[in-house]
Amino acid sequence: MDLRPDSAAPLAGGVALPRIGLGVFRSGQGDGTRNAVRAALDAGYRHIDTAAIYGNEEEVGQAIRRWCEDTGGAREDVFITTKLWNDDQGYDPALRAFEASAARLGVEVVDLYLLHWPVPGLRHESWRALERLLQDGRVRAIGVSNFTVDHLEQLAGVARHLPSVNQVELHPFLPQRE
């Protein structure tokens, strides 16, 4: 597998997901996040991963815009992932939450929008909202995060579009073999 920062994995719909990216979980608000995003972009990273619950979507968007201005890069050169938080799940709440995330990021289109967790009783309605955002061209790809095999099988039974991604924590202390 090619792990250079500029290598990409193909997703549904012809979307290319850069294999290496910067996650800003726990980087907080303010200059720390802006500086980390800028340093990553300067180093060749082209994927930035944030989430509504991280509270730093605005800083991510600011750093990307500043990098584009300073380097002549285009917004489309940077792949942005963000996630729908649990408190915003459900069809209408998910659509409103997406609009808020897009506004904080300062973008019209998000490259990858994920359900952050499989919230019982709401995840299928939330998924319908993500499918709507995909259909409307507001997101380029949709997926899930922290879903188990059972969650994925249940979603497959009701989804029109299968998730392009299941983002999971994976490392030697949490191998998640299944």
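For the structure itself, look to the data block above.
Rules used throughout
- Residues numbered from 1 in each chain as written.
- Predicted model: local features only at pLDDT ≥ 70, side-chain atom pairs only at ≥ 80, totals over all residues.
- Heavy atoms only, no water.
- 1 Å grid on protein atoms, 1.4 Å probe; cavity = no way out; pocket = protein on both sides within 12 Å on 5 of 7 lines; lining within 4 Å.
- Points joined across faces, edges and corners; volume = space filled by probe spheres on them.
- Helix = DSSP H or I, 4+ residues; strand = E, 2+ residues; numbered from the N terminus.
- Nonpolar A, V, L, I, M, F, W, Y, C, P; charged D, E, K, R; others polar.
- Phe/Tyr/Trp six-rings, centres within 6.5 Å; stacked < 30°, edge-to-face > 60°.
- Buried < 20%, exposed > 50% of the residue type's maximum accessible area, 1.4 Å probe, protein only.
- Axes fitted to C-alpha atoms, helices over the stretch in contact; angles between N-to-C directions.
- Parallel < 35°, antiparallel > 145°, perpendicular 65-115°, else oblique.
- Left-handed = near helix turned anticlockwise from the far one by under 90°.
- Contact = heavy atoms within 4.5 Å.
- Pairing = 2+ DSSP bridges.
- Right-handed = clockwise from strand over helix to strand, strands pointing away.

## Describing the layout of surface pockets
Where empty space is left can be seen by rolling a probe of water-molecule size over the atoms.
Then, in step 1: Taken as a whole, the largest pocket spans an internal volume of roughly 1000 Å³.
Then, in step 2: What lines the largest pocket is a set of 31 residues, and nearest its centre among them are Ser-145, Gln-167, Val-168, Glu-169 and Leu-170.
Then, in step 3: The set of elements that each furnish at least two residues to the lining of the largest pocket consists of strand 3 (22–23), strand 4 (47–49), strand 5 (79–84), helix 5 (149–156) and strand 8 (166–167).
Then, in step 4: When its residues are assigned to classes, the lining of the largest pocket shows 16 nonpolar, eleven polar and four charged.
Then, in step 5: Around the second largest pocket, the lining comprises 16 residues; the ones closest to its centre are Arg-75, Glu-76, Val-78, Asp-111 and Arg-140.

## Digging into the packing of aromatic side chains
Then, in step 1: Applying the stated criterion to the full structure yields two aromatic pairs.
Then, in step 2: On the basis of an interplanar angle of 50° and a centroid distance of 5.2 Å, the ring pair of Phe-25 and Tyr-54 is categorised as tilted. Highlighted residues: Phe-25 in the loop between strand 3 and helix 1 (31–42) and Tyr-54 in the loop between strand 4 and helix 2 (57–71), separated in sequence by 29 residues.
Then, in step 3: Overall, Phe-25 belongs to the exposed group, its relative accessible area being 52%.

## Here we look at the packing of helix 1 against helix 2
Then, in step 1: Packing of helix 1 against helix 2 leaves a shortest axis separation of 8 Å and a crossing angle of 45°. Relative to helix 2, the element helix 1 is oriented oblique. Read as a crossing pair, helix 1 and helix 2 show a hand that is right-handed. Contacts from Thr-33, Arg-34, Val-37, Arg-38, Leu-41 and Asp-42 in helix 1 reach Glu-59, Val-60, Gln-62, Ala-63, Ile-64, Arg-66, Trp-67, Asp-70 and Thr-71 in helix 2.
Then, in step 2: The residue inventory of the contact of helix 1 with helix 2, partitioned by class, reads six nonpolar, three polar and six charged.

## Observations regarding the pairing of strand 5
Then, in step 1: When you tally the buried positions in strand 5, you get six out of six residues, the bulk of the element.
Then, in step 2: In this structure, strand 4 lies alongside strand 5, joined through three bridges in parallel fashion. For Asp-49, the partnering residue across the bridge sits in strand 5 and is Thr-81.
Then, in step 3: The parallel pair strand 4 and strand 5, bridged by helix 2, forms a crossover whose chirality is right-handed.
Then, in step 4: This β-α-β element, strand 5 to helix 3 (residues 91–105) to strand 6 (residues 110–115), shows right-handed connectivity.

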